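Each chain is listed here by its residues.
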Amino acid sequence: MRQIVSSFLLAFHNIRSHFFHTLLSVLGIVIGVAALVSILSLIDGMEEFAKEQITKTTSLNSITIATNAYTTTNGVRVKKDTVFVLGYDDFLNLKKTLTKPCSINYVAQFSDEIIFNQKKVGTLLYAFGSPREGLSQDMIESKQHVAIVNKKFAASLDSSNVVGKTITVHDKTLTISSVFDDSGDQPRVAFPLTLMTSDELHNDMPTIVVEAGTIEDVGELTTQVANWLNGKFGKGNFNVWTNSARVEQATKGFLLFRIVMGLIVGISVVVGGIGIMNVLLISITERTSEIGIRKAVGANRRDLILQFLAESVTVSVFGSMMGLILGVLGTMAIVPIIVAVTKVPFYANYTLNTLGIVSILAVLLGIVFGTYPAIRASRLDPVEAIRHE
C-alpha cells in the first residue's frame, strides 16, 4: 500500500512539472467525457420527463382488458376469423372473481352520427356497462333507453333545453335524461352498454379497466384477470396490460438510446486515451536516464510499471473530472435554450450512475492506455538508459 501511495505522489509531482503539456494531452478525454456526461444527463432528464407525463396522464393502478382481434402469421398481422368479445354477463362474472379492493369500469367508445329532429349530428359515443354520473346501475341493468350528453353536444343541437328530448343512436330512440359537464372540446353522448347488440359489440369492441386500490395489488389483480380470461376463452384472445408496462417500455427505449449514444461518444473518449498513451511515451523518452538510474539503484520492473500506471490513471482521472465539470456546466447552459425553444418543462438529471460511469471510465482508460508505456519503461536496459541523452 505504501508503494502504491508513493507511486501516485510521484505521479502528481511529474504531472505538476509538465502541467500544460499534460493539459493539452488530455483535451481529448475532457471533450469526450464532457459530451458523455451531457448526453447521459440529458437522456436521464428525458426519461424522468417521460415517466412524469405517463403517470400524470394515466394511472399506474389501472389494468386494461381488450379483445385481441389480430394474430401474427409469418411476421404479418392478420385479423382473426373468430373474435371473442366480453359481454355484460362476462363483465359481472369477472368482477366477482377479483379478490383485491378495486373499481372496475366497462365501456365501448366509438364515433358515429346520431339523429336529432331528423338532423344528423356527429359525436363521440360512450356505451357504459358500469355506473357513472347520470347513469345508474338500475338504468344499465334494466336497459333503459336513456342518454346523457355533455354541454358541447347540447350546444350543437340549437335547443334551449335538451333534457327530455330524444335522439336516435343505432336505430334506438333514447331520451336525454341529463347534461354533464366535462373539459372536453368535442360533443359526447353516453348510454347504457346493455342496449348494444352482439353484432354492435363486435364492431365497437368494449374495454374493461380495473383500477386497483393500491399499486401493490396491480400484479395480483393482473394475474387473476389473466387466469379468468384464459380459463373461459383460452390464451391469446385478450390483451391485458398495465400502465406500468408503458413505463418499463419507455425505460428500455431510453436505455437503448443511452447505450447507442454512449458508444458513439465513446469514440472521442478512446481518442483521448490515445492522447494519454502519447504523453507517457514522450515522458519515457524524456526520462530515460532517470529510469535507468532507478533500475540501477534497485527498482524492479514491478516498481516502474506501478509508477507509470499511477501516472496514467492520475492523468485520466484529472481529464475525466475536468470533463465532468465541463459537461455539467454545458448542460446547465443548454437546457434553458431547449426549454425556451420547445416550451417543455424539461431538465437535465444528474445521477449517481453518471458519476459512477465517469469514475470507472477514468480508471479503465488509465489502466488500458497506460499499460503499454509502463511495460516499455520497465523493459529498458539500465546501462543503455543511463547513457541516453
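Preceding block: the structure.
Procedures and definitions
Residue indices begin from 1 for each chain and proceed along its sequence in written order. Where totals are concerned, whole chains, interfaces and linings use all residues; where local detail is concerned, this predicted model gives features only for residues with pLDDT of at least 70, and gives and counts side-chain atom pairs only at 80 or more. Values reported for side chains reflect all heavy atoms of the structure, with hydrogen atoms and water molecules removed beforehand. Nine residue types can take part in a nonpolar core, namely buried Ala, Val, Leu, Ile, Met, Phe, Trp, Tyr and Cys, and a core is a set of them joined through side-chain atoms within 4.5 Å. For the exposure calls, accessible area comes from a 1.4 Å probe over protein chains only, and a residue counts as buried if that area is under 20% of its type's maximum, exposed if over 50%, partly exposed in between. We call two residues in contact when some of their heavy atoms are within 4.5 Å. Definitions used throughout: a 1 Å grid over protein atoms alone; a cavity as a set of points that fits a 1.4 Å probe which cannot get out; a pocket as an open set with protein on both sides within 12 Å along at least five of seven lines; a lining residue as one with an atom within 4 Å of a point. Grid points are joined across faces, edges and corners, and a volume is the space filled by probe spheres set on the points. Put simply, DSSP H or I for four residues or longer makes a helix, DSSP E for two residues or longer makes a strand, and each gets a number counted from the N terminus. When residues are grouped by polarity, Ala, Val, Leu, Ile, Met, Phe, Trp, Tyr, Cys and Pro land in nonpolar, Asp, Glu, Lys and Arg in charged, and all others, Gly among them, in polar. DSSP-based pairing: two strands are paired if at least 2 bridges between them are found. Structural elements are reduced to axes, namely lines fitted to C-alpha atoms, with helices fitted over the stretch in contact, and the angle between N-to-C directions of any two is expressed from 0 to 180 degrees. Should an angle fall under 35 degrees it is called roughly parallel, over 145 degrees roughly antiparallel, and 65 to 115 degrees roughly perpendicular, with every other angle called oblique. In what follows, salt bridge is the name for a side-chain nitrogen of Lys or Arg lying within 4 Å of a carboxyl oxygen of Asp or Glu. Handedness of each helix crossing follows the sense of rotation of the near helix against the far helix: counterclockwise by less than a right angle gives left-handed, clockwise gives right-handed.

(A) View of the nonpolar core. Core analysis: the biggest nonpolar cluster contains 44 residues, and Ile65, Ile167, Phe191 and Ile208 have the highest contact counts within it. Leaving out residues up to four positions away in the same chain, Phe191 has contacts with Phe110, Leu125, Tyr126, Ala127, Phe128, Leu135, Val146, Ala147, Val169, Leu174 and Met196. Core analysis: the next-biggest nonpolar cluster, separate from the first, contains 19 residues, Val33, Val315, Val358 and Ala374 among them.

(B) Up close: the layout of surface pockets. Its volume calculated, the largest pocket comes out at about 220 Å³. Elements with a minimum of two residues in the lining of the largest pocket: β4 (102–116) and β5 (119–128). It is β4 that contributes the most residues to the lining of the largest pocket, 3 residues altogether. Residue composition of the lining of the largest pocket, grouped by class: 4 nonpolar, 4 polar and 1 charged. Taken as a whole, the second largest pocket spans an internal volume of roughly 160 Å³. As for the second largest pocket, its lining consists of Leu36, Leu40, Leu255, Arg258, Ile259, Gly262, Leu263, Gly266, Ile357 and Leu361. Every element with two or more residues in the lining of the second largest pocket is listed here: α3 (27–57), α9 (243–286) and α12 (352–378). With 6 residues, the top contributor of residues to the lining of the second largest pocket is α9. Grouping the constituent residues of the lining of the second largest pocket by class yields 7 nonpolar, 2 polar and 1 charged.

(C) Representation of the pairing of strand β2 (residues 70–73) in the model. Sheet topology places β2 next to strand β3 (residues 76–79); 4 bridges connect them, and they run antiparallel. Pairing of Thr73 across the sheet is with Val76, part of β3.

(D) Just the packing of helix α10 (residues 288–296) against helix α11 (residues 301–342), in detail. For the pair α10 and α11, interaxial distance at closest approach is 10 Å and the crossing angle is 140°. One way to sum up the angle between α10 and α11 is to call them oblique. Contacts between α10 and α11 pair Glu290, Ile291, Arg294 and Lys295 from the former with Leu304, Gln307 and Phe308 from the latter. Class assignment of the residues belonging to the contact of α10 with α11 gives a composition of 3 nonpolar, 1 polar and 3 charged.

(E) Fine view of the pattern of salt bridges. Going through the model one piece at a time under the given rule, you end up with 5 salt bridges. Where Asp90 meets Lys232, a salt bridge forms, and the shortest distance between an N and an O atom there is 3.8 Å. Within this pair, whereas Asp90 is found in helix α4 (residues 88–97), its partner Lys232 is found in helix α8 (residues 218–233), the two being separated by 142 residues in sequence. Take Asp90: its relative accessible area is 13%, and that puts it in the buried class. Among the salt bridges present, the one from Glu220 reaches Lys100, with a minimum N-O distance of 3.8 Å.

(F) Summary view of the packing of α4 against α8. Relative to each other, α4 and α8 sit at 135°, their axes nearing to 10 Å. On the basis of the axis angle, α4 is oblique to α8. With respect to the hand of their crossing, α4 and α8 are arranged in right-handed fashion. Contact residues: Asp90, Asn93, Leu94 and Thr97 in α4; Gln224, Val225, Trp228, Lys232 and Phe233 in α8. Residue composition of the contact of α4 with α8, grouped by class: 4 nonpolar, 3 polar and 2 charged.

(G) How the structure looks around the environment of Ile29. Here Ile29 shows up in helix α3. Counting along the chain gives 245 residues from Ile29 to Ile274, while the straight-line C-alpha distance between them is 9.3 Å.

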